[in-house]
Structures are given as C-alpha cells and as structure tokens.
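# Structural description and commentary
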Amino acid sequence: MAIRVLVVDDQAMPRQLFESIINYSENYELAASVDSASVADIYCAKMAIDLILMDVVMSGGINGIEAAERIKNSYPNIKILIVTSMPDSSFIKKARKAGVDSFWYKEVQDAPLLAIMDRTMAGESVFPDQAPVVFLGEAKSTDFTDRELDVLRCVAAGYSDKEISDLLSISYGTERVHLNNLLQKTACNSRTELAIMAAKTGIVVPEV
C-alpha cells in the first residue's frame, strides 16, 4: 500500500518538484498539495496522511514548524519532514523541539529527498549536523555567536537598540557590543545595510 504524502509549500516550483518526485516514485502517493501551513492540520483531519513534506517560511500567519508542532500534538503517528532553503541555524533546533521527524535542505543536501523520505518512514530521524554555511559580507555564518545571531535577527526585524535589549533581556551596552561586533565582522557600514544583507541571505528569518 502506497505511503500517502501531503506537500505544504507556498512556492509553486518546489511544490511541483515534490509532486513530481512523489508521482514518479513506487512507494509514495500524493494525497494533497497545499500552499499554506495554516490548513495542513485540516487536511490531516479530512484524509489519511502518512508523511508531510513542509516548508518553514510561508505566508498565511503560521510557519511550517509551528504547524508541525500543532499536527504532532493531534496526530503523533504522522511523519513530518521539514524542507527548506533558508540557512537560519535556529530552524534545526526549533524543528527538533516541535517533534519534527526529519529535516532536509532544498539546495544543499547529502542525500536525495526520496532517500530521506524512506529513512523517515522506516523510523529514522534524519537531521543535518548544521545549517549550510553562507557569507554575510566578509563573514561566514559560522563566525557568529548564538547571541550575535539573536541580535541580528532582531535587527533584521527592524527593532531599535532599546527594543532588542528588552526582547533579549540584556543590557543596552551589551546589545551595542554585539551589534558593533556584527558590523565589524561583516564590514557593513550601517545597521540598515546589515539588515538588508541578512534578509537576502536568509541567515536569520525574523518571523520564525
């Protein structure tokens, strides 16, 4: 009996690629394909779903990791495989916490998607060791501390220095040290340039 798959991705091209992979496979069957994580649990309630391929960053008020946690709470037997192109290193940790079964990067991967699907359905939890390394200005993503990435995420979201210090429960002075370190490492001339570059690379995603 074929394994029934729900595809959840708001971008047409990746969604169609996943659909093709499933349709041409021997062991899988496309149950449904949707462009919003906010309706994924509705499909789980309406039809038999064995595996979900779900992106993280999507429109519609809820991201893929939040949707995954909600689905796992109601349907723990459904396997969930997060698929994303965003190199935000926090996604892996958040996905594990949400109960996601496996994690796969669209552009950078050690194994084909079908292989990860097979391993996941066999009961294995497949996660990368780390997010893909990307450059932000003159620095690599691995050059930043976790706290610097927290500050960078807030800068990309448009928060002021005072708002960032309050959000992260650190002093104003400490926040400024982290921000200056980010500017020096990346060789950016302003926080605006830093925020724009961060958004372009996907090294941090404020809304997740």
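Residues numbered from 1 in each chain as written. Predicted model: local features only at pLDDT ≥ 70, side-chain atom pairs only at ≥ 80, totals over all residues. Heavy atoms only, no water.

Listed in full, the buried residues belonging to helix 4 (residues 90-98) are Ser90, Phe91, Ile92, Ala95 and Ala98. Positive phi appears at glycine 99, one or two residues downstream of helix 4, with a value of about 90 degrees. (Buried < 20%, exposed > 50% of the residue type's maximum accessible area, 1.4 Å probe, protein only. Helix = DSSP H or I, 4+ residues; strand = E, 2+ residues; numbered from the N terminus.)

A few words now on the side chain of lysine 106. Residue placement: lysine 106 occurs in the loop between strand 5 (102-105) and helix 5 (113-121). Here the side chain of lysine 106 touches aspartate 9 through a polar contact of 2.7 Å, side chain to side chain. Those residues within four positions of lysine 106 in sequence are excluded, and the remaining contacts are Asp9, Gln11, Pro14, Phe18, Asp55, Val83, Thr84 and Ser85. (Polar contact = N/O pair within 3.5 Å; in protein donor to acceptor, adjacent residues only side chain to side chain. Contact = heavy atoms within 4.5 Å.)

A few words now on the sheet that holds strand 5. Pairing is parallel across the open sheet formed by five strands, whose spatial order is 2-1-3-4-5. On the outer flanks of this sheet lie strand 2 (28-34) and strand 5, each paired with one strand and no other. Taken pair by pair, the neighbouring strands of this sheet meet at an average axis angle of 20 degrees, ignoring direction. Strands strand 1 (3-8), strand 2, strand 3 (51-54), strand 4 (79-84) and strand 5 of the sheet are contacted by helix 1 (residues 12-23), whose axis makes an angle of about 160 degrees with strand 2. (Pairing = 2+ DSSP bridges. Axes fitted to C-alpha atoms, helices over the stretch in contact; angles between N-to-C directions.)

All right, on to the pattern of salt bridges then. With the rule as written, the count across this model stands at 13 salt bridges. A salt bridge links arginine 70 to aspartate 41, with the shortest nitrogen-to-oxygen separation between them at 3.4 Å. Of this pair, arginine 70 sits in helix 3 (residues 64-74) while aspartate 41 sits in helix 2 (residues 40-46), placing them 29 residues apart in sequence. Given a relative accessible area of 36%, arginine 70 falls into the partly exposed group. The class of aspartate 41 is partly exposed, set by a relative accessible area of 22%. Across the pair glutamate 124 and arginine 119 runs a salt bridge, and its minimum N-O distance is 2.7 Å. Classification of glutamate 124 as partly exposed rests on a relative accessible area of 36%. When its relative accessible area of 33% is taken as the criterion, arginine 119 is described as partly exposed. Within this structure, Asp88, Arg147, Asp150 and Arg153 form a network of salt bridges that share partners. (Salt bridge = Lys/Arg side-chain N within 4 Å of Asp/Glu carboxyl O.)

Turning our attention to unusual backbone geometry. Despite not being glycine, serine 169 shows a phi value in the positive range, around 55 degrees. For serine 169, the position within the fold is in the loop between helix 7 (161-168) and helix 8 (172-186). The exposure class assigned to serine 169 is exposed, which follows from its relative accessible area of 66%. Even without being a glycine, alanine 187 presents a positive backbone phi close to 65 degrees. Its place among the elements puts alanine 187 in the loop between helix 8 and helix 9 (191-201). In this structure alanine 187 comes out as partly exposed when scored by relative accessible area, which is 36%.

Before going further, it helps to spend a moment on the side chain of serine 36. Along the chain, serine 36 falls in the loop between strand 2 and helix 2. Of the polar contacts made by the side chain of serine 36, one reaches the side chain of serine 38; its length is 2.6 Å. Those residues within four positions of serine 36 in sequence are excluded, and the remaining contacts are Val8, Ser59 and Gly60.

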